[in-house]
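Examining the three-dimensional arrangement
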Amino acid sequence: MHSLDRFAQDKLDELKRRNLHRSLTDTLREDGIWVERGGRRLLSFSCNDYLNLTQHPAIKQAAIAAIEEYGAGSGASRLVTGNHPLYAHLEARLAQFKRAEAACVFGSGYLANTGIIPVLIGEDGLVLLDELSHACIYAGAQLSRGRMMTFRHNDVNHARELLAAHRAEHDRALIVTDGIFSMDGDLAPLADLLALANEHDAWLMSDDAHGIGVVGGGRGSSFVGNAHMPVPLQMGTLSKATGSYGGYLCASAPVIELMRNRARTLIYSTGLPPASVAAAIAALDLIEREPGYAALPVQKAKAFTRRAGLPEAQSPIVPIVIGDEEAALAASQFLESEGYLVVAIRPPTVPAGTARLRLTFTAQHPDDDIGRLADIVRDKIVA
Ligand SMILES: *Cc1c(COP(=O)(O)O)cnc(C)c1O
């Protein structure tokens with residue numbers, strides 16, 4: 001065997017032995033919540049399509065109209081000829097929605113984080129991350145070549161100790177956290193982190209991938225509890241509740257202009273297809289018009305946790321930590337036999353020893369299925 005294939009096969013064998021092997025499964029998403037896999041129809045509790053907008057007729061229509069008007073692709077980087085007129089519209093909408101001066105749209109959330117952080121932090125800088133931050137935040141911090149430190153999950157005092165000890169050694173410091181944690185569903189203490197950042201002349205960035213469209217009246221994690229926390233760097237994705245694709249940063253006008261000049265993932269990557277941008281605009285319109293609809297995923301998650309006897313959900317994401325990888329896979333298979341798709345999440349997506357079921361609730365999940373699933377989880381999985 002060629003050494004390349006030998007290498008790949010050895011790695012794969014090792015992953016299989018540790019129950020960490022992953023594979024792609026053809027999944028047909030027929031509407032907002034039902035999927036078809038292997039010829040079976042399952043009710044999905046594993047999509048991040050919190051408002052079921054990927055299948056919304058008005059949003060699909062906006063995408064189709066954009067293809068007809070502007071074409072299937074954008075043809076070049078935004079800085080060359082790929083900046084079709086829909087971008088300016090979307091960026092103005094995002095900035096207004098997040099109460100920021102300006103916004104910049106990237107190719108994806110992953111590209112946003114890996115582009116933004118290296119613009120702000122260089123070799124002499126410090127990036128302080130919540131330990132449970134999303135993988136692409138870690139990737140962005142590594143690309144910055146600055147010093148990366150992590151603080152214990154949601155532990156503002158630990159972050160304070162690290163800043164007190166190390167801030168002075170660095171020219172600039174950035175604190176980054178998920179606004180809503182992608183695999184745990186809890187909220188970051190943004191108000192306290194913002195105060196801490198200001199004490200130490202550090203900059204705070206929140207990743208609102210799971211916040212926009214579902215908390216804070218749809219405006220995201222900086223708007224929870226009717227407050228508005230002026231987080232200076234609000235990053236997020238357009239691919240979850242917004243039902244489309246793309247990433248963004250909302251910030252001050254100079255910060256956004258700097259991104260357009262320096263963010264390598266923006267400069268050296270082709271602009272988004274017009275359809276994605278048009279769909280995101282239509283989705284933001286809908287979210288802003290219907291805050292009651294945007295509140296449904298969290299309400300459904302809370303109804304589930306109440307009935308299943310779990311800690312109250314704070315977002316549409318509910319983790320059920322099992323621990324062992326094989327047991328988590330078995331629990332997922334058991335729920336599939338009951339007609340529910342609940343994908344098991346394993347390391348390295350979550351820390352070792354915390355393999356889990358991760359449930360996501362969407363606006364259109366039927367209440368009786370939520371009740372039935374809660375009963376099964378309470379009696380057969382948590383028990
Ligand atoms: C999904 C996710 C991303 C990546 O966004 P994409 O648009 O899917 O690339 C970034 N951060 C968090 C917290 C996420 O959950």
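Once a new chain begins, its residue numbering starts again from 1 and follows that chain's sequence as written. Only residues with pLDDT of at least 70 are given local features in this predicted model, and only at 80 or more are side-chain atom pairs given and counted; all residues enter the totals for whole chains, interfaces and linings. Side-chain measures were taken over the full set of non-hydrogen atoms in the model, leaving aside hydrogen atoms and water.

**Concerning the overall build of the protein chain**
The numbering of helices and of strands both runs from the N terminus, where a helix is a DSSP run of H or I of at least 4 residues and a strand a run of E of at least 2. The number of helices and strands found in the protein chain is 14 helices and 14 strands. For 383 residues, the compact-globule formula gives about 21 Å, and the C-alpha radius of gyration of the protein chain, at 21 Å, lands near that figure. Dimensions of the protein chain along its principal axes, counting C-alpha atoms only, are 60 × 55 × 55 Å. Relative to its 383 residues, the protein chain shows a buried fraction of 52%. It only takes one pair of heavy atoms within 4.5 Å for two residues to be counted as in contact. Sequence separation of 24 or more characterises 69% of the internal contacts of the protein chain that already satisfy a separation of 6 or more. All accessibility values rest on the Shrake-Rupley procedure with a 1.4 Å probe; residue burial counts only the protein chains present in the view. Split by element, the accessible area of the protein chain, about 16,700 Å² in all, is 52% carbon and sulfur. Under the counting rule used here, the positive set is Lys and Arg, the negative set is Asp and Glu, and His together with the chain ends is not counted. Note on charges: their place is set at NZ of Lys, CZ of Arg, CG of Asp or CD of Glu. Averaging the locations of the 37 positively and 44 negatively charged side chains of the protein chain gives two centres separated by 1 Å. The reference for a compact globule is 2.2 Å times residues^0.38; the radius of gyration itself is calculated from the C-alpha atoms. Only protein chains enter the calculation, and the probe is 1.4 Å; a residue is then buried if its accessible area is under 20% of its type maximum, exposed if over 50%, and partly exposed in between.

**Section: the domain arrangement of the protein chain**
Note on interface size: it is often stated as the accessible area lost on association of the parts. Here the protein chain is partitioned into domain 1 (22-54 + 293-381) and domain 2 (57-289). Residue ranges labeled as domains rest on an automatic or database domain assignment. With centres defined by C-alpha atoms, the gap from domain 1 to domain 2 works out at 26 Å. At the interface, 21 residues of domain 1 touch 23 residues of domain 2. Buried area is a sum: the accessible area each of two parts loses on coming together, probed at 1.4 Å, counted once for each and added. Together domain 1 and domain 2 conceal approximately 1,700 Å² of surface at their shared face, both sides included; 65% is due to carbon and sulfur atoms. We define a salt bridge as a contact between a side-chain nitrogen of Lys or Arg and a carboxyl oxygen of Asp or Glu at a distance within 4 Å. Put simply, domain 1 and domain 2 have one salt bridge between them.

**Let's talk about the site of the ligand**
Proximity is defined per residue: any heavy atom of the residue falling within 4 Å of a molecule or strand makes that residue near it. Around the ligand sit 14 residues in total, of which Gly109, Asp207, His210, Thr237 and Lys240 are the nearest. Pairs of N or O atoms within 3.5 Å make up the polar contacts considered here, provided that, within protein, one atom can donate a hydrogen while the other can accept it, and that residues adjacent in sequence are counted only when both atoms are side-chain atoms. A distance of 2.6 Å is found between an oxygen atom of the ligand and a side-chain nitrogen or oxygen belonging to His210. Side-chain polar atom of Ser239 to an oxygen atom of the ligand: 3.1 Å apart, as the coordinates give it. Taking 380 Å² as the accessible area of the ligand by itself, protein coverage stands at 88%. Grouping the amino acids of the shell around the ligand by side-chain chemistry returns three nonpolar, eight polar and three charged. Ten residues, namely Ala, Val, Leu, Ile, Met, Phe, Trp, Tyr, Cys and Pro, are considered nonpolar, four, namely Asp, Glu, Lys and Arg, are considered charged, and the remaining ones, Gly among them, are considered polar.

**Some words on the environment of Leu42**
Along the chain, the position of Leu42 falls in strand β3 (residues 40-44). Sequence spacing of Leu42 and Leu128 is 86 residues, and the spatial spacing of their C-alpha atoms is 41 Å. What Leu42 contacts, discounting residues up to four positions off in sequence, is Ile33, Trp34, Val35, Arg37, Glu336, Gly339, Tyr340 and Leu341.

**As for the packing of helix α4 (residues 109-120) against helix α8 (residues 253-262)**
Where α4 meets α8, the axes come as close as 10 Å, and the angle between the chain directions of the two elements is 105 degrees. The angle between the axes of α4 and α8 places the two elements in the roughly perpendicular class. The segment α4 lies against α8, with Ile116, Val119 and Leu120 engaging Leu258, Met259 and Arg262. Along the lines of polarity and charge, the residues of the contact of α4 with α8 split into five nonpolar, no polar and one charged. Interaxial angles span 0 to 180 degrees and are taken between N-to-C directions of axes, which are lines fitted to C-alpha atoms, for helices over the stretch in contact. For classification purposes, angles smaller than 35 degrees are called roughly parallel, those larger than 145 roughly antiparallel, those between 65 and 115 roughly perpendicular, and all remaining angles oblique.

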